[in-house]
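Now for the letters of each chain:
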Amino acid sequence: MIYTLTTNPAIDMNITSDTISTEHVNRTRDAVYTPNGKGLNVSFTLKHYGIDSKILGFFGGFSGDYIVREADKICPVMPVQIDGITRVNVFLTTPEGEYKFPNAGAEVNRAKQEEMLSLIRGLDDLECLVVSGSLPTGIDPSYYDELVGVVREKGAEFVLDISHPHLRELVEKQPLLIKPNDEEVAAIFGVDVKSEEDIVSALHAIHDAGAKNILLTLGGDGAYFFNGEHVWHANAAKVKVLSTACAGDATLASFLSLWLEDPTLVEPALTRAMATGANVAMSAGLGDFALVDKLAQSIRVEVVE
Ligand SMILES: O=P(O)(O)OC[C@@]1(O)O[C@H](CO)[C@@H](O)[C@@H]1O
């Protein structure tokens, strides 16, 4: 069984407004509220493609209750209840572009962190843990080492989609897959990926450091995948972007939905990943995936090394 762990879930509030200003009341419209957080988005997308997973995370207050109730209609949720209130993240679309306001998140104390470690230790069917998103207040980055330690004790694999600088050390623990973007590769691994040559050498460096597989996403420039043998590139579908929130999570999950079961399916997995990510970017939240097949026709995957 795949489990996703969202250390810092959120209700996403997507709203739209005219040009914002400090000089007047900024009335907003078209509010869409969705139960989210990066790992939850992965589970929801996996479900869309017929792959079961279970959701782990820290949840609290009315917002935590709402997320657990709604998410549980899609995938089983195993919550660790915290005392604070799960955050609400705001995504504001204006004529000038998209503003993203993720909140720091409610504190998760040490007792709750240990409760999560015990919960994972007790999972008899854990095959792969996908750890996604930021750390809330109260959790030290060394918690990732503890999580990975438990996963390893159980002989399971782990996938990381985190932006924390500690990712640099965590790759030495040989994650099955990491999914950085170009900014994270620059900030965490200190490599500016401007040309394909830079990208290929960065992928080799990250693989040599320990990551077994790397899915590098580059927004409008598509994505690269490296499995230690070959490097593939897929272009990005051209779409009218409404909100990029959730697109990266959907890209990761849709790739995993084929590749985890059969690692030789890189080409169809990348095609599905790019089409799904693009479709998600066209709507608030994850949307309905309705255009994935159509968008997939515009995706070309090539082996570049
Ligand atoms: O603060 P984090 O955990 O990095 O990101 C949280 C978040 O922005 O990521 C998702 C989109 O990827 C949203 O559903 C959610 O609000």
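What counts and how
Here the residue numbers are simple positions, counted from 1 along each chain's written sequence. Selection of residues for local features in this predicted model requires a pLDDT of at least 70, selection of side-chain atom pairs for listing and counting requires 80 or more, and totals for whole chains, interfaces and linings are taken over all residues. Just so you know, side-chain values use all the structure's heavy atoms and leave hydrogens and water out. The secondary structure listing takes helices from DSSP runs of H or I that are at least 4 residues long and strands from runs of E that are at least 2 residues long, numbered from the N terminus. Exposure is judged per residue with a 1.4 Å probe applied to protein chains only, and the accessible area is read against the type maximum: over 50% gives exposed, under 20% gives buried, and values in between give partly exposed. The contact criterion used throughout is that any non-hydrogen atoms of two residues lie within 4.5 Å. Residues are counted as near a molecule or strand when any one of their heavy atoms sits within 4 Å of it. Two N or O atoms count as a polar contact when they lie within 3.5 Å, although within protein this holds only if one can serve as hydrogen donor and the other as acceptor, and sequence-adjacent residues are included solely when both atoms are side-chain atoms. Calculation of accessible area relied on Shrake-Rupley with a 1.4 Å probe; when residues are assessed, cover is drawn exclusively from the protein chains displayed. Throughout, the ten residues Ala, Val, Leu, Ile, Met, Phe, Trp, Tyr, Cys and Pro are labelled nonpolar, Asp, Glu, Lys and Arg are labelled charged, and all others, Gly among them, are labelled polar. Within this analysis, patches are made of residues with over 30% relative accessible area and no salt bridge. Like charges are joined at 9 Å or less; nonpolar side chains (Val, Leu, Ile, Met, Phe, Trp, Tyr) at 5 Å or less. By convention in these notes, a salt bridge is any Lys or Arg side-chain nitrogen within 4 Å of a carboxyl oxygen on Asp or Glu. Following DSSP output, two strands are said to pair if at least two bridges run between them. Helix axes use the C-alpha atoms of the stretch in contact, all axes being lines fitted to C-alpha atoms, and the angles between their N-to-C directions lie in the range 0 to 180 degrees. UniProt positions are given in the numbering used here, feature names are shortened, and annotations may be inferred rather than shown by experiment. Angular relationships are summarised with four words: roughly parallel below 35 degrees, roughly antiparallel beyond 145, roughly perpendicular across 65 to 115, and oblique for the angles in between. The handedness criterion is simple: a crossing whose near helix is rotated anticlockwise from the far helix by less than a right angle is left-handed, and one whose near helix is rotated clockwise is right-handed.

**Examining the environment of Ile206**
Next up, step 1: Structurally, the position occupied by Ile206 is in helix H7 (residues 196-209).
Next up, step 2: What makes Ile206 buried here is its relative accessible area of 3%.
Next up, step 3: Between the C-alpha atoms of Ile206 and Val185, which are 21 residues apart in sequence, the distance is 9.1 Å.
Next up, step 4: Contacts of Ile206, omitting those with residues within four sequence positions, involve Val171, Ile178, Val185, Phe189, Ala211 and Ile214.

**Describing the site of the ligand**
Next up, step 1: The environment of the ligand is formed by 13 residues, the closest being Asp12, Lys38, Asn89, Ser134 and Asp249.
Next up, step 2: The side chain of Lys38 places a nitrogen or oxygen atom 2.9 Å from an oxygen atom of the ligand.
Next up, step 3: Within the contact set of the ligand, an oxygen atom lies 3.0 Å away from a side-chain nitrogen or oxygen of Arg87.
Next up, step 4: A total of 400 Å² of accessible area belongs to the ligand in isolation, and the protein chains cover 88% of it.
Next up, step 5: Residue contributions to the shell around the ligand peak at 3 residues, all from strand S6 (residues 87-94).
Next up, step 6: In terms of residue class, the shell around the ligand is built from 3 nonpolar, 6 polar and 4 charged.

**Overview of a nonpolar patch on the surface**
Next up, step 1: Taken together, Ile20, Tyr99 and Phe101 make up a surface patch of nonpolar side chains, about 250 Å² in accessible area.
Next up, step 2: Judged by relative accessible area, Phe101 falls into the partly exposed class, the value being 43%.

**Here's the deal with the sheet that holds strand S3 (residues 28-36)**
Next up, step 1: Spatially, S3-S2-S6-S7 is the arrangement adopted by the 4 strands of the open sheet, whose pairing is mixed. Bordering the open sheet on either side are S3 and strand S7 (97-101), each of which pairs with just one other strand. Put simply, the sheet's adjacent strands are angled 15 degrees from each other on average, direction ignored.
Next up, step 2: The sheet contact formed by S6 and S7 spans 5 bridges and is antiparallel. From the neighbouring strand, Thr94 faces S7, where its bridge partner is Gly97.
Next up, step 3: Contacts from helix H2 (residues 61-71) reach strand S2 (10-17) and S3, with the element oriented near 70 degrees to S3.

**Things to note about the pattern of salt bridges**
Opposite charge on two side chains permits pairing when their charged atoms draw close.
Next up, step 1: Taken as a whole, this structure holds 12 salt bridges when the rule is applied.
Next up, step 2: One salt bridge connects Lys54 with Asp125, and the closest N-O pair in it is separated by 3.8 Å. Residue Lys54 is located in strand S4 (residues 53-59), and its partner Asp125 is located in the loop between helix H3 (110-121) and strand S8 (128-132); the two are separated by 71 residues in the primary sequence.
Next up, step 3: Residue Lys212 is joined to Glu157 by a salt bridge in which the shortest nitrogen-to-oxygen separation is 3.0 Å. You can see Lys212 sitting in the loop between H7 and strand S11 (214-217) and its partner Glu157 sitting in strand S9 (residues 157-161), a full 55 residues away along the chain.
Next up, step 4: Its relative accessible area of 30% is what places Lys212 among the partly exposed residues.
Next up, step 5: Linked by salt bridges that have partners in common, Arg69, Glu70 and Lys73 make up one network.

**Let's talk about the UniProt feature "domain: Carbohydrate kinase PfkB" (unreviewed entry) in the protein chain**
Next up, step 1: Sequence positions flagged by UniProt for "domain: Carbohydrate kinase PfkB" (unreviewed entry) are, in local numbering, residues 11-286.
Next up, step 2: Helix makes up 37% of residues 11-286 and strand 24%, and the two end C-alpha atoms of the span are 13 Å apart.

**Points about the packing of helix H1 (residues 38-48) against helix H8 (residues 247-259)**
Next up, step 1: Here H1 crosses H8 at 45 degrees, and the two axes come no closer than 8 Å. With respect to their mutual orientation, H1 and H8 come out oblique. Considering the relative orientation of H1 and H8, their crossing is right-handed. Seen from H1, the contacting residues are Lys38, Asn41, Val42, Thr45 and Leu46; seen from H8, they are Asp249, Ala250, Leu252, Ala253, Ser254, Leu256 and Ser257.
Next up, step 2: Of the residues in the contact of H1 with H8, the class split is 6 nonpolar, 4 polar and 2 charged.

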